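# Examination of the molecular architecture
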Amino acid sequence: MIGLISATAAGAAARDRLAAAWPDRTRVYEGPVGDAVRTAFAQCEQLVCFLATGAVVRLVAPLLSGKTEDPGVVCVDEGGRFAVSLLGGHAGGANELAREVGGLLGAEPVVTTATDAVDLPGLDTLGLPVQGDVAGVSRALLDGEAVALRAEVAWPLPPLPVTDEGAYTIRVTDRLVEAAGREVVLRPPTLVVGVGASKGAPVEEVLGLVEDALREAGLSAASVAELATVDAKAGEPGIVEAAERLGVPLVTYSAGELAGIDVPHPSDAPLAAVGTPSVAEAAALVGGGELLVPKRKSAASPAMATCAVVRRPGRGRLAVVGLGPGARDLLTPRAQAELRRASVLVGLDQYVDQIRDLLRPGTRILESGLGAEEERARTAVEEARKGQAVALIGSGDAGVYAMASPALAEASDDIDVVGVPGVTAALAAGAILGAPLGHDHVSISLSDLHTPWEIIERRVRAAAEADIVVTFYNPRSRGRDWQLPKALGILAEHRTPATPVGVARNASRPDESSRLTTLGALDPATVDMMTVVTVGNTATRDIAGRMVTPRGYRWQSAREGSE
């Protein structure tokens, strides 16, 4: 919860804007400011104070406990010009909150955390448990000193200026080790603990067994990703509470799924009880991996719990990112976040140039020219399989005539894939032209480089017969100058010459241009590959110079009948 505190009418107005925008995230604290700050500080994960920073410093100073315990605090000035991350920039999430508040209120976020200021990922912001000399290693990274990366298990990290050797170390491991001097230990969630238990097994027995198994194998409980068991034990209190105390999810599988897993120590007892010869080992091995701790029983007599531990291989991450039609303000925040998260960027050279300034220092860039789409897709997947955090970029939406389909055709289930939607050229052009896509519509590429013309023609004819608005991508190039006239001729068999047609070139870019014409008047020679052509249906109209397709034919008929 975010506590909101203000002292003046101006502050209250801005406060209420946040409260209205985030009704489920915020709580307004009224009354004397000192009392409000003290109460919110004790009750909330974050605070936004519409007060002077000096006043907030004096109010919160006696309340401070420690970096990992204190809430994040953001101050907004009376004029609403700045949102200052004052306390808990990383641990309390104040840096990101300042950016969110600034975006909503139109204020400039002020973040002074050193790593953020130089665009370096904070070691305590990677989403992994972290131990050791975070401040010292971060300072070494900032100062350009040699920091070695020792990745004992593969995990997709953002770009970090690391080397093979150095006086400082970032160690990525699931082993039970203490951080040495000048070392930070990052613990990725690579371990799965399979558990089985008799009815009524106490949580102390289940949890004690798990903790002993991990400790004796030299594994860290901080790297446990989940507890896994059979469906029949999904509500077993001892297992459920053990997962809660470890702070991990409880994942269950059917007896049939577990019975199909090859395990080293099957048993007749679980087969008779729940229908599978193995619970602990099979549940841990469902996702594959290395069995580090074979099935073991608890020390109680009789033993009521079993467990096994598996290390799953680190999974690389592939984000397929749509950059939108070109304008920076049409690049989504989610896309920007993925670009900053990636340690490897793969893309067409001209698209890389569009967003190069958004990448973190140290991002490895693999770019190529036109015609190498399949090669880029293979490269991106190969890098992800190496355990990297990869962003594969495309214009518009990555799933529309772009890189998502070739990449996913190459990818298997050994990597994590994230799709990031983008604003398409059809949508950008439609916004310029008016509202041409107000009813059913279809996008058709006229490029026959990958699709035979016979198939394209059949699709155009189907859209024409169905009276659907059509947006043509790749309408005309130097080597392909007859496809657009042919497609327009097919549409003309079903639509009048007066049918509105919108032509938008470089939609959303600095040299954007557009015009509204008709099916009978459009000269295909004025169209090129940077253009999208939108042809209306029989209900589309030119209204005040804007292309408008009504939401329904009944609406259009009623409108015409009233004129």
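Residues numbered from 1 in each chain as written. Predicted model: local features only at pLDDT ≥ 70, side-chain atom pairs only at ≥ 80, totals over all residues. Heavy atoms only, no water.

The six strands lie next to each other as β2-β1-β3-β4-β5-β6, forming an open sheet whose pairing is mixed. Across the chains shown, the open sheet's two edge strands, defined by having one partner strand only, are β2 (26-28) and β6 (108-110). In this sheet, neighbouring strand axes are inclined to one another by 25° on average, regardless of whether the strands run parallel or antiparallel. Here strand β1 (residues 2-6) runs beside strand β3 (residues 46-50); their pairing, made up of five bridges, is parallel. Pairing of isoleucine 2 across the sheet is with glutamine 46, part of β3. Packing of helix α3 (residues 53-60) onto the sheet brings it into contact with β3, β4 (72-76) and β5 (82-87), and relative to β5 it is tilted by some 25°. (Pairing = 2+ DSSP bridges. Helix = DSSP H or I, 4+ residues; strand = E, 2+ residues; numbered from the N terminus. Axes fitted to C-alpha atoms, helices over the stretch in contact; angles between N-to-C directions. Contact = heavy atoms within 4.5 Å.)

To continue, consider the packing of helix α17 (residues 453-465) against helix α18 (residues 483-492). For the pair α17 and α18, the least separation of the axes is 9 Å and the interaxial angle reads 30°. When the interaxial angle is binned, α17 and α18 end up roughly parallel. Once α17 is placed against α18, the crossing between them reads as right-handed. On the side of α17, the interface is formed by Trp453, Glu457, Val460, Arg461 and Ala464, while α18 contributes Gln483, Lys486, Ala487, Ile490 and Leu491. Classifying every residue of the contact of α17 with α18 gives six nonpolar, one polar and three charged. (Parallel < 35°, antiparallel > 145°, perpendicular 65-115°, else oblique. Left-handed = near helix turned anticlockwise from the far one by under 90°. Nonpolar A, V, L, I, M, F, W, Y, C, P; charged D, E, K, R; others polar.)

Right, let's talk about α18 for a bit. Those residues of α18 lying buried are Gln483, Leu484, Ala487, Leu488, Ile490 and Leu491. An end-on view of α18 places all buried positions within 155° of arc, on one side of the element. Buried-residue contacts for α18 involve α17, β23 (469-473) and β26 (531-535). (Buried < 20%, exposed > 50% of the residue type's maximum accessible area, 1.4 Å probe, protein only. Arc of directions from axis to C-beta.)

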